[in-house]
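Below, each chain spelled out in residue letters.
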Amino acid sequence: MRENRKINELRKIEIIPNFSPNAEGSCLIKCGETHVLCNASVDEKLPRWLKGQDQGWITAEYGMLPRSTQERMVRESKLGKQNGRTQEIQRLIGRSLRSIVDLHSMKNYQVLIDCDVLQADGGTRTASITGAFIALKICIQKLISQKKIKYDPIIENLAAISCGVIQNQTYLDLDYSEDQGAEVDANFVITESGKLVEIQMTSEEKLCSEDNFNRMLSMAKIGISQLIKLQKESISI
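Anyway, here's the lowdown on the structure attached to this text. (Residues numbered from 1 in each chain as written. Predicted model: local features only at pLDDT ≥ 70, side-chain atom pairs only at ≥ 80, totals over all residues. Heavy atoms only, no water.)

## Concerning the side chain of R125
Thinking step 1. Within the secondary structure, R125 is located in helix 3 (residues 124-145).
Thinking step 2. What makes R125 buried here is its relative accessible area of 15%.
Thinking step 3. A polar contact is formed between the side chain of R125 and the side chain of Q200, at a distance of 2.9 Å.
Thinking step 4. Those residues in contact with R125 that sit more than four places away from it in its chain are R85, E88, I89, L92, N187 and Q200. (Helix = DSSP H or I, 4+ residues; strand = E, 2+ residues; numbered from the N terminus. Buried < 20%, exposed > 50% of the residue type's maximum accessible area, 1.4 Å probe, protein only. Polar contact = N/O pair within 3.5 Å; in protein donor to acceptor, adjacent residues only side chain to side chain. Contact = heavy atoms within 4.5 Å.)

Next comes the structure, spelled out in structure tokens:
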């Protein structure tokens, strides 16, 4: 297991900003063999329940393409509904992005983030959040340049990363095989200043000790700082 990567080392990360020419903001993010295309689109129509509340909105949709996995997946559109995992992940992406945005400065604008998994090898939700932030940032910069909003509503960067416990040893940035064999797996969404946005953790075989949790959290914060550095370098902010 993990012959070419240390237990506290990220997979090879590649970020290609402005990947989709038609989107207001976009990026293709590659985290090892997990590849996610993130597109941000502007809509001047707010959800009906937000009208009159003097703010904007950010929401997300998530999906896995049929051959993002070894065996072809059936399109959810063909099934006529999204499964619970898809709904949970897209809500997580939306919550994460809204946590670091002043929505009142986006009055009358909604940004929709589409995260499409082209290739999956573990960590698709964390890669989606990290890439979605870049797509959102590019989109916001465009709105400012067009004088549609006055200032940048983004308070600070954020990213997401997975950690796990395998044979009582903590690992950073699990791929699919590691995730399948983990006794504990966790996803951390953390801001640049170290604030915790959300933690999702599951004990598959053994309960997580406080020591292992603290080791995962420390490891995640280091990984997040590296991801945010890459985010900034990718779009020169």
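## Quick look at the packing of helix 2 (residues 84-98) against helix 3
Thinking step 1. Look at helix 2 against helix 3: their axes get within 10 Å of each other, and the N-to-C directions meet at 40 degrees. Relative to helix 3, helix 2 is oriented oblique. Crossing of helix 2 over helix 3 shows right-handed handedness. On the side of helix 2, the interface is formed by R85, E88, I89, L92, I93, S96 and L97, while helix 3 contributes T124, R125, S128, I129, A132, F133 and L136.
Thinking step 2. Looking at the contact of helix 2 with helix 3 residue by residue, the classes come out as eight nonpolar, three polar and three charged. (Axes fitted to C-alpha atoms, helices over the stretch in contact; angles between N-to-C directions. Parallel < 35°, antiparallel > 145°, perpendicular 65-115°, else oblique. Left-handed = near helix turned anticlockwise from the far one by under 90°. Nonpolar A, V, L, I, M, F, W, Y, C, P; charged D, E, K, R; others polar.)

## Some points on helix 5 (residues 210-235)
Thinking step 1. Along its 26 residues, helix 5 runs 38 Å from first to last C-alpha, staying within 8% of the 38 Å computed at 1.5 Å per residue.
Thinking step 2. Those residues of helix 5 that are buried lie in contact with strand 1 (13-17), helix 3, strand 6 (158-166), strand 7 (169-172), strand 8 (184-191) and strand 9 (196-203).
Thinking step 3. Residue S236 follows helix 5 closely and has a positive phi angle near 55 degrees. (Expected span 1.5 Å × (residues − 1).)

## Description of unusual backbone geometry
Thinking step 1. Look at N18: it is not a glycine, yet its phi comes out positive at around 55 degrees.
Thinking step 2. What makes N18 exposed here is its relative accessible area of 51%.
Thinking step 3. With a phi angle near 50 degrees, Q167 is a residue other than glycine that sits in the positive phi range.
Thinking step 4. Summarising the element assignment, Q167 is placed in the loop between strand 6 and strand 7.

## A short note on the pairing of strand 3 (residues 34-43)
Thinking step 1. When you tally the buried positions in strand 3, you get seven out of 10 residues, the bulk of the element.
Thinking step 2. Where strand 2 (residues 25-31) meets strand 3, seven bridges bridge the pair, whose relative direction is antiparallel. Considered in strand 3, the bridge of C31 is made with T34.
Thinking step 3. Linking strand 2 back to strand 3 in an antiparallel pair, the connection comprises two residues, with G32 at a positive phi of about 65 degrees.
Thinking step 4. Pairing of strand 3 with strand 5 (residues 110-119) involves nine bridges; the strand directions are antiparallel. The residue of strand 5 that forms the bridge with C38 is C115. (Pairing = 2+ DSSP bridges.)

## Section: the pairing of strand 7
Thinking step 1. Of the strand pairs in this sheet, strand 6 and strand 7 are connected by four bridges, and their pairing is antiparallel. Bridged to V165 within strand 7 is T170.
Thinking step 2. Between strand 6 and the antiparallel strand that follows it, strand 7, lie two residues; Q167 among them carries a positive phi value of about 50 degrees.

## Section: the sheet that holds strand 4 (residues 57-64)
Thinking step 1. Across the sheet, which stays open at both edges, the five strands sit in the order 1-2-3-5-4 with mixed pairing between neighbours. The sheet terminates laterally at strand 1 and strand 4, the two strands that pair on one side only. Pairs of neighbouring strands in the sheet enclose a mean axial angle of 15 degrees, with direction left out of account.
Thinking step 2. This element, helix 2, spans strand 4 and strand 5 of the sheet and lies at about 145 degrees to strand 4.

Nothing here speaks to function; it is geometry throughout.
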